[in-house]
Amino acid sequence: RMTMTKRYSFSMACLAFAFIAVPLGLTSRRAETSRGLIISLMIAVAYFLTMEMSEQINNHRVASVMLWVPNLICIGLGMWFFLKARFK
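To keep things clear, this report deals only with the structure shown in the data block. Since the model is a prediction, treat every value here as computed from it, not as a measurement.

Quick notes on the rules
- Residues numbered from 1 in each chain as written.
- Predicted model: local features only at pLDDT ≥ 70, side-chain atom pairs only at ≥ 80, totals over all residues.
- Heavy atoms only, no water.
- Phe/Tyr/Trp six-rings, centres within 6.5 Å; stacked < 30°, edge-to-face > 60°.
- Helix = DSSP H or I, 4+ residues; strand = E, 2+ residues; numbered from the N terminus.
- Buried < 20%, exposed > 50% of the residue type's maximum accessible area, 1.4 Å probe, protein only.
- Contact = heavy atoms within 4.5 Å.
- Disulfide = S-S within 2.5 Å.

Now for the packing of aromatic side chains. Taken as a whole and assessed by the stated rule, the structure comprises 6 aromatic pairs. On the basis of an interplanar angle of 65° and a centroid distance of 4.9 Å, the ring pair of phenylalanine 17 and tyrosine 47 is categorised as edge-to-face. In this pair, phenylalanine 17 is assigned in helix 1 (residues 2-27) and tyrosine 47 in helix 2 (residues 33-55), connecting sequence segments 30 residues apart. Assessed through its relative accessible area of 2%, tyrosine 47 is described here as buried. Relative to phenylalanine 81, the ring of tryptophan 80 has its centre 5.5 Å away and its plane inclined at 40°; by these criteria the two rings are tilted. Using a relative accessible area of 13% as the deciding quantity, one classes phenylalanine 81 as buried. Chaining the aromatic ring pairs together yields one cluster made of Phe10, Phe17, Tyr47 and Phe48.

Now for the side chain of serine 54. Of note, serine 54 is situated in helix 2. By relative accessible area, which is 0% here, serine 54 ends up buried. If we skip the residues at most four places from it in the chain, serine 54 touches Met2, Ala63, Met66 and Leu67.

Bringing the state of the cysteines into the picture now. In total, this model carries 0 disulfides according to the counting rule given. Free of any disulfide, cysteine 14 has its nearest cysteine sulfur in cysteine 74, 12 Å distant. Under the relative-accessibility criterion, cysteine 14 is labelled exposed at 60%.

Shown next as structure tokens:
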């Protein structure tokens, strides 16, 4: 069960990271190119650290929720970046 949850969660990660990458790519200028890269790397590292921590938890329900939380946070952060880019 845990393996299937992890596979679905990793599949959703592509969409979650796209929600972050598109607004960062839209707002980048020559002077800000490294800022977007650094933000993206920090988000990716936090995402995969959370995934690895969820494997250490023995309770299946808590681990399942912990596998989906980074995806939801990335999508929410991406939506915030979209709104920020839209009104800029």
